[in-house]
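These are the residues of each chain, in order.
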Amino acid sequence: MTIGEWATRARYRYVPDHVVGELLGRRWMDNVIPVALLAALSIALVATLPNFLSTGNLSDLSRQVGEFGLVVIGMTVVMLAGGIDLSVGSNFALANVTALTLINVAKWPVVGAIAATIVVGALSGLLNGALIGFLRLRAFLTTLVTLTLLRAIVELLLQAFSVQIASSDVESAAWDYVGAGAFLGVPLSFLVLAAVAVVAQIVLTRLRIGWRIAAVGGSRRAAFNAGIPVRSTVCLTYVVSGVLTALAGVLYAARLSGSGPDTGVGLELTVVTAALLGGNSVGGGRGSIGKAMMGAVIVSLLTNGLVRLGLASGATQMVVGGVLLLAIGIDVRWGRWRHKLRAKVYVSPAYLALPPAPLPAAASSPYAMNDRLREVEIIGLGEVDGPEDVILDREGNLYCSVRQGDVVRFLAPDHVKREVYAHVGGRPLGMAFDKAGDLVVCIAGMGLYSVDPQRKVHKLTAETNRSPLSIIDDSRMRLADDLDIAPDGRIYFSEATIRYGFEEWVVDSLEGRGNGRIIRYDPATQSTRTVLRNLLFANGMCVAHDGKSVLFAETWGCRVSRFWLEGSKAGKTERVIANLPGYPDNINRGSRGTYWVALAGTRTPSYDLAMTMPGFRRRMARRVAGDEWLFPNVNVGCVVHFAQDGSILETLWDLAGENHPAITSMREHQGYLYLGGVTNNRIGRLKLADADPSFTGQVSYWGERR
Amino acid sequence: MTPLRGALDRWLGRGKASITTPPLDGAFRPNDLLDAAPVVLETPAPDSLAATALGLIVSSRNSLLRVDKPTPAPLASFDAEISALVGLPDGGAVVGLADGRLLFLGGRRDGTTIAADRRIGCITALAPAADGALLLANGSADQPPADWKRDLMLKNVSGSVWRLDPESGARTQLAGALAYPNGLLEERDTILVSESWRAALTRISLGGRSAPALEDLPAYPGRLSRGASGAIWLALFAPRSQLVEFVLSEDGYRRRMIETIDPEFWVAPCLRSSRSPFEPTQQGGVKQLGVLKPWSPSRSYGLVARLDAALRPVVSFHSRANGRRHGLTSCLMCDGRLYFAAKGDGVVAAHAYEEPTP
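Residues numbered from 1 in each chain as written. Chains lettered and ligands numbered in written order. Predicted model: local features only at pLDDT ≥ 70, side-chain atom pairs only at ≥ 80, totals over all residues.

(A) Quick look at the overall build of chain B. When its secondary structure is counted, chain B shows five helices and 25 strands. With the C-alpha coordinates aligned to their principal axes, the bounding extent of chain B is approximately 60 × 50 × 45 Å. Scored against the burial criterion, the 358 residues of chain B give a buried share of 48%. (Helix = DSSP H or I, 4+ residues; strand = E, 2+ residues; numbered from the N terminus. Buried ≥ 20, exposed ≤ 12 C-beta atoms within 10 Å, placed from the backbone.)

Put into structure tokens, the structure is as follows:
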């Protein structure tokens, strides 16, 4: 091995390229930028500002966050439904002056004053909501107008009452507690925020109205067509915003007990900045309370830090404006860019050096080429679409799994009459009969199912334990491929790849990484466990004649292995055939203690070379159209007969691929071999010269009929 | 700026470095006319067609055969493979052998042999000039005619066009640095050359200057022959494909492929694909329900085009991916029929075609 090759191998073994694409596919990736920003900002502030972490400063900061965060939550709810509320600044000031007037001038009791202030906030929210939701005015312009209107009302109120507010003295412990109190050291306003955030989170994610708000924001027309009352939902979001803003105004009033003309001026800008920076979408439909809180904390930290750094007030505004521009840019670009990048980097080929292929051209080779399969009889020509697996029952009826999601049956003895045995849906692939005569089927896209003799379809399992460090959710089964049943009834089945569905299985060949696994389903406890991982396209499964181990094929690895179920080597894996001249698919039992494995295609020198050059394949995947990709030669049919120890007994070929290209399965039954192919429109039948004419799979697995 | 952009484009695979091939559209809309043409002669690897006083003849490995009146014995046989053949105005013919020798048959110079020249070891095409001289296309400076695939995958641009005086045997080079000249035709005082690896026709003037005449062909052009009223017939012997162009752009893979793999199994164009299960295949070339789709990507194809006097493609005949007439190395119009030699499939066939007259 040259140094270059060694470096390539090390590079692709230790750098997990595939993780990038998987990360970009996760929804929580939306939060990465805000979290990173928050962390960086916190570190910077702690490092630059002395006593930033002092109790006094933190308490002060958390009070500010408490008030500010409430408004941001309101804004987030509005934005989630696709709107925007610019009137929050004036509404905040209105709540402030209302609360102070009622407490200081009118001498209302604290609870009554707070309730009345919140009603005022709700009414101004309702004004917005009615105009935007029911009259369908533009949210931006309407709230801009209410911003001015409410500000005018505030000015009038201030002219009338500001002197009285400033001169009167309030002796109320409750009011002081609202402004300055703390519970277990946590300021009250922060506790209020926490409570509101928890409630809002539950409402938005768990309650019908929350889903409706997100649905309206995601697509107004689709929400309308789904029967959601769009107008009242939109109206409601503005009322929520008004209420939360008023609540924040009350807390502010209690804290500072003063009112001036500049209260809440420019608040709308910082609130929108916070909501966007947290990752909420300005277009609606995408957002959460968590994002709102993150944005609120970032912006509060930023303004607090800037003030304490002693910047002029204009400079603070400038920084906030710059951050808002950044947030808008990220909001617009991130979603699109992420999906584009993911589409580019998801396919990530790995280094795979196979041992040199055996040469089937040599006559002395056990794989010597012949045209034995050219003589097969054809069953059901044109009546089946892609019989991936074939199997026979005790009566000799022939079953196959076809593309339309059916299990099709050809009736014994001549296999001419055809019927749909059961419609299972999905893409049925491997099949096996259990002891009771139920037909167990692996279905790509669905999982493991069974069809009982009354033709009723039952789901056995569609979920397994999730691997601890996997980024994509590998608990769901995407491509259950083939199965076999151990004598104790436990079902072992392969999932070819966890990264692609059935339509994209060819892309997995380009990757050549161990994306496959073997899963065990125990019908007694109805439990599902993954028993082997990181297999190179786990495919055919076959329980050995003695029932003590299960043979499995790894297609891209061109090898067959044995997984021990019992005995001293239980749980261990050992190689049975290390180096096939083609890509193995299903494995099944033959008579006289032998096995059959189908080769879906032959290895080609050009593809073997490409498998050792991951960069070449990655560029091919990006630059060349899918139809033009280099691919193993699957236009050749081949079946290999091997013994218990893995020695090759004989090989049957259809070199021209005229009768049977791409054989994916075969079953021996009473001296004949039945052939299926995933891209074929026929089933083949070949008379075997030296097979046991009484052999059937049913007897081999479950004995004579009781 | 430009070198930087070039490097960036190569790294990202865009701009000039993007992998594109011309679509089969316009005059190149696919049809099945080549497969429908009746067989005239079946012989292994028919290569070059020529019209002589004896009628139409074709080269097949070491032998010359009559096309219109097939005889069991070949017309002539040589001790080396024939790599080029052309009919002369006097009714004779010239044969170029793979070892570089030239032999005259029939006509005024019957039996003359001109010895090989070490500078010209890959005679791919011959053409008579109006003044009695002979024009030679030397495909490659270092590869013999049988190794054309290696010449392509090495990205060689070492071909040349020569003028030979049959009286004195003197050779003069008219143009060099051509990407596998593979067809020749004298037109007034210029020479039209098909440059296979550039997928283009090039016009060479007397002074030796070359200028592109027709570019962006969808397949690799081979031999040229004359049609009625200034038209030209062009045989295109193998298709361009995205995959091959991509491999050509991937120097690491290309180098290791050339070093370690038998040329038969290279990712490269060929005259007939799918002969062996160890040849490369492509995803779109997978048989579906037992049928190979005609539009599936293929490393071999059958294609003939008729170019009008201004060298615009006007008509084309095809044998598509599932066809049985692949690897057309030459074609010739004769008695209202278009004869073509499908070297990949060992067939000479003729398609009745009436050339439009202006």
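(B) Structural context of the pairing of strand β9 (residues 439-444) of chain A. Residues and elements named next belong to chain A. Burial analysis of β9 places six of its six residues in the buried class, which makes it a mostly covered element. Alignment of strand β8 (residues 427-433) against β9, held across five bridges, turns out to be antiparallel. Across the sheet, residue Met 431 finds its bridge partner in β9, namely Val 441. Adjacent in sequence and paired antiparallel, β8 and β9 are bridged by five residues, among which Gly 437 carries a positive phi angle near 90°. The sheet contact formed by β9 and strand β10 (residues 447-451) spans five bridges and is antiparallel. Note on β10: the bridge partner recorded for Val 440 is Ser 450. Between β9 and β10, which pair antiparallel one after the other, the connecting turn spans two residues, and Gly 445 there sits at a positive phi close to 85°. (Pairing = 2+ DSSP bridges.)

(C) Examining the environment of B:Pro145 more closely. All names here are of chain B. By the element assignment, Pro 145 lies in the loop between β11 (134-138) and α3 (148-153). When the C-alpha positions of Pro 145 and Pro 23 are compared, they lie 29 Å apart, and in sequence the two are 122 residues distant. Once you skip the residues sitting within four places of it in the chain, Pro 145 turns out to touch Ser 83, Ala 98, Cys 122, Thr 124 and Gly 139. (Contact = placed C-beta atoms within 7 Å.)

(D) Here's a closer look at the packing of helix α13 (residues 267-277) of chain A against helix α14 (residues 289-308) of chain A. All names here are of chain A. Between α13 and α14, the least distance of the axes is 7 Å, while the angle of their chain directions is 125°. The orientation of α13 relative to α14 falls into the category oblique. Relative to α14, α13 is oriented so that their crossing is right-handed. Here α13 contributes Thr 270, Thr 273, Ala 274, Ala 275, Leu 276 and Leu 277 to the contact with α14, which in turn contributes Ala 292, Gly 295, Ala 296, Ile 298, Val 299 and Thr 303. (Axes fitted to C-alpha atoms, helices over the stretch in contact; angles between N-to-C directions. Parallel < 35°, antiparallel > 145°, perpendicular 65-115°, else oblique. Left-handed = near helix turned anticlockwise from the far one by under 90°.)

(E) Representation of the interface of chain A and chain B. With 34 residues of chain A at the interface, the matching set in chain B holds 32 residues. Contributions of two or more residues to the side of chain A that touches chain B are made by α17 (605-611), α18 (614-623) and β22 (630-631) of chain A. Here the residues of the side of chain A that touches chain B sort into 17 nonpolar, 10 polar and seven charged. Inspection of the sheet shows β22(A) paired to strand β20 (residues 281-282) of chain B by two bridges, in the antiparallel sense. Bridge pairing in β20(B) links A:Leu630 to B:Gln282. (Nonpolar A, V, L, I, M, F, W, Y, C, P; charged D, E, K, R; others polar.)

(F) Representation of the confidence of the model for chain B. Residue and element names in this part refer to chain B. Overall, the predicted model of chain B reaches an average pLDDT of 93, with 99% of residues at or above 70. Mean pLDDT across the elements of chain B bottoms out in helix α1 (residues 2-12) (82) and peaks in strand β19 (residues 232-239) (97). In the model output, the complex is listed with pTM 0.85 alongside ipTM 0.93. (pLDDT = per-residue confidence, 0-100.)

(G) Just the sheet that holds strand β24 (residues 337-342) of chain B, in detail. Residues and elements named next belong to chain B. Taken in spatial order, the four strands of this open sheet run β1-β25-β24-β23, and their pairing is antiparallel. Every interior strand has two partners, whereas the edge strands, β1 (39-42) and β23 (328-334), have only one. Sheet twist, expressed as the average angle between the axes of neighbouring strands with direction ignored, equals 15°. Bridging between β1 and strand β25 (residues 347-352) involves three bridges; their strand directions are antiparallel. In the strand pairing of β25, Val 39 is matched with Ala 349.

(H) Region of interest: the environment of B:Arg188. When you line up the elements, B:Arg188 lands in the loop between β14 (181-187) and β15 (190-195). Sequence spacing of B:Arg188 and B:Ala129 is 59 residues, and the spatial spacing of their C-alpha atoms is 9.4 Å.

(I) Summary view of the sheet that holds strand β18 (residues 219-226) of chain B. Residue and element names in this part refer to chain B. Spatially, the four strands line up as an open sheet ordered β18-β19-β21-β22, and their pairing is antiparallel. Every interior strand has two partners, whereas the edge strands, β18 and β22 (313-319), have only one. For this sheet the average axis-to-axis angle between neighbouring strands, irrespective of direction, equals 20°. When β18 meets β19, the two strands line up antiparallel, connected through six bridges. Its bridge partner being in β19, Leu 224 is matched across the sheet by Leu 234.

(J) Spatial organisation of helix α9 (residues 188-206) of chain A. All names here are of chain A. Helix length check: α9, at 19 residues, gives a terminal C-alpha distance of 27 Å against a target of 27 Å (1.5 Å per residue), a fit within 8%. Those residues of α9 lying buried are Ser 189, Phe 190, Leu 193, Val 196, Ala 200 and Leu 204. When α9 is viewed along its axis, its buried side chains cluster within an angular range of 120° and face the same direction. Exposed side chains of α9 directed beyond 90 degrees from the buried face belong to Ala 195, Val 198, Val 199, Ile 202 and Arg 206. Each element contacted by the buried residues of α9 is listed here: α4 (55-80), β2 (186-187), α10 (208-218), α12 (230-256) and α14. (Expected span 1.5 Å × (residues − 1). Arc of directions from axis to C-beta.)

(K) How the structure looks around the nonpolar core. Within the largest apolar cluster, 204 residues are counted, with the highest numbers of intra-cluster contacts made by B:Leu126, B:Leu184 and B:Phe340. In terms of residue count, β19(B) provides more of this core than any other element does, seven residues in total. Not counting residues within four places of it along the chain, the set of residues in contact with B:Leu126 comprises B:Ala84, B:Val86, B:Val94, B:Gly96, B:Leu134, B:Leu135, B:Leu136 and B:Leu184. If you look at the next biggest cluster of nonpolar residues, it comprises 87 residues, including A:Leu100, A:Leu131, A:Ala139 and A:Leu150. (Core = buried A, V, L, I, M, F, W, Y, C linked by C-beta atoms within 7 Å.)

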